[in-house]
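Given next are the chains, with one letter for each unit.
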Amino acid sequence: IGGSVLRLVLEFSLPKDSFLILPFPGDEFLDYGPVSTDKFPQFIDVPAKDQWDPSTCKQERLEDWTGLDSLISPIVSLVIFA
């Protein structure tokens, strides 16, 4: 019963973003999301009004702990059983 209750609690409390990627460090694991602007990047030689301002981009780290509840609950059940 202990493992089942733990799995139920973890199922609804662990963060899930549906990308199935653990929160690894590094820029390749940032959620770039949909396109926020149609302006040009800073390295393109265009007038300043047509360049994109990077401070307007909101990037959050991908975080998905799907499956951790399924791994921990049997271990907790075995510890309780022993």
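Going by the structure above, here's the rest.
Visitor: Looking at this model, I keep getting lost on the overall build of the protein. Mind explaining?
Guide: When helices and strands are tallied, the protein shows two helices and two strands. In terms of overall dimensions, the protein is more spread out than a globule: its C-alpha atoms have a radius of gyration of 21 Å, far above the 12 Å expected for 82 residues. Here the protein, with 82 residues, has 10% of them falling under the buried criterion. For the protein, the proportion of contacts with a sequence separation of at least 24, taken over those separated by at least 6, is 74%. Put simply, the protein shows about 6600 Å² of open surface, and 66% of that area lies on carbon and sulfur atoms. Within the protein, the 13 negative side-chain charges are centred at a point lying 4 Å from the centre of the 6 positive side-chain charges.

Visitor: Can you walk me through a nonpolar patch on the surface in this structure?
Guide: On the surface, Ile1, Val5 and Val9 cluster together to form a nonpolar patch covering roughly 340 Å² of accessible area. Here Val9 shows up in helix 1 (residues 2–13).

Visitor: Even after reading the chapter, I still don't get the side chain of Ser73, so can you show me in this structure?
Guide: Checked against the element boundaries, Ser73 lands in helix 2 (residues 68–81). Owing to a relative accessible area of 7%, Ser73 belongs among the buried residues under this scheme. Those residues within four positions of Ser73 in sequence are excluded, and the remaining contacts are Gly3, Leu6 and Arg7.

Visitor: Teacher, can you tell me more about the pattern of salt bridges here?
Guide: Note on pairing: side chains with opposite charge can pair once their charged atoms come close. Under the counting rule described, the total for this entry stands at two salt bridges. For Asp50, the salt bridge goes to Lys49, with nearest N and O atoms at 3.5 Å. Asp50 gets classed as partly exposed once you look at its relative accessible area, which sits at 27%. Taking the relative accessible area as the measure of exposure, Lys49 reaches 61% and is therefore exposed.

Visitor: Help me out: how do you make sense of the environment of Val46 in this one?
Guide: Among the structural elements, Val46 can be located in the loop between strand 1 (30–31) and strand 2 (60–61). The partly exposed category is assigned to Val46, whose relative accessible area is 21%. In this structure the C-alpha to C-alpha distance between Val46 and Leu68, which are 22 residues apart in sequence, comes to 48 Å. Dropping the residues within four chain positions of it, Val46 is found in contact with Phe40 and Gln51.

Visitor: Where do I start with the packing of helix 1 against helix 2 in this structure?
Guide: Running from amino to carboxyl end, helix 1 crosses helix 2 at an angle of 155 degrees, the nearest separation of the two axes being 8 Å. As summarised for this structure, helix 1 and helix 2 are arranged roughly antiparallel, according to the angle between their axes. Regarding helix 1 and helix 2, the two cross each other, and that crossing is right-handed. When helix 1 is examined against helix 2, the residues Gly2, Gly3, Leu6, Arg7, Leu10 and Glu11 are found in contact with a partner set consisting of Asp69, Ser70, Ile72, Ser73, Val76, Ser77 and Ile80. The residue makeup of the contact of helix 1 with helix 2, split by class, is five nonpolar, five polar and three charged.

Reading the values: the criteria
- Residues numbered from 1 in each chain as written.
- Predicted model: local features only at pLDDT ≥ 70, side-chain atom pairs only at ≥ 80, totals over all residues.
- Heavy atoms only, no water.
- Helix = DSSP H or I, 4+ residues; strand = E, 2+ residues; numbered from the N terminus.
- Rg over C-alpha atoms; globule rule 2.2 N^0.38 Å.
- Buried < 20%, exposed > 50% of the residue type's maximum accessible area, 1.4 Å probe, protein only.
- Contact = heavy atoms within 4.5 Å.
- Areas by Shrake-Rupley, 256 points an atom, 1.4 Å probe, with all protein chains shown as cover.
- Lys, Arg positive; Asp, Glu negative; His and termini not counted.
- Charge placed at Lys NZ, Arg CZ, Asp CG, Glu CD.
- Patch = residues over 30% accessible without salt bridge, like charges linked within 9 Å, V, L, I, M, F, W, Y side chains within 5 Å.
- Salt bridge = Lys/Arg side-chain N within 4 Å of Asp/Glu carboxyl O.
- Axes fitted to C-alpha atoms, helices over the stretch in contact; angles between N-to-C directions.
- Parallel < 35°, antiparallel > 145°, perpendicular 65-115°, else oblique.
- Left-handed = near helix turned anticlockwise from the far one by under 90°.
- Nonpolar A, V, L, I, M, F, W, Y, C, P; charged D, E, K, R; others polar.

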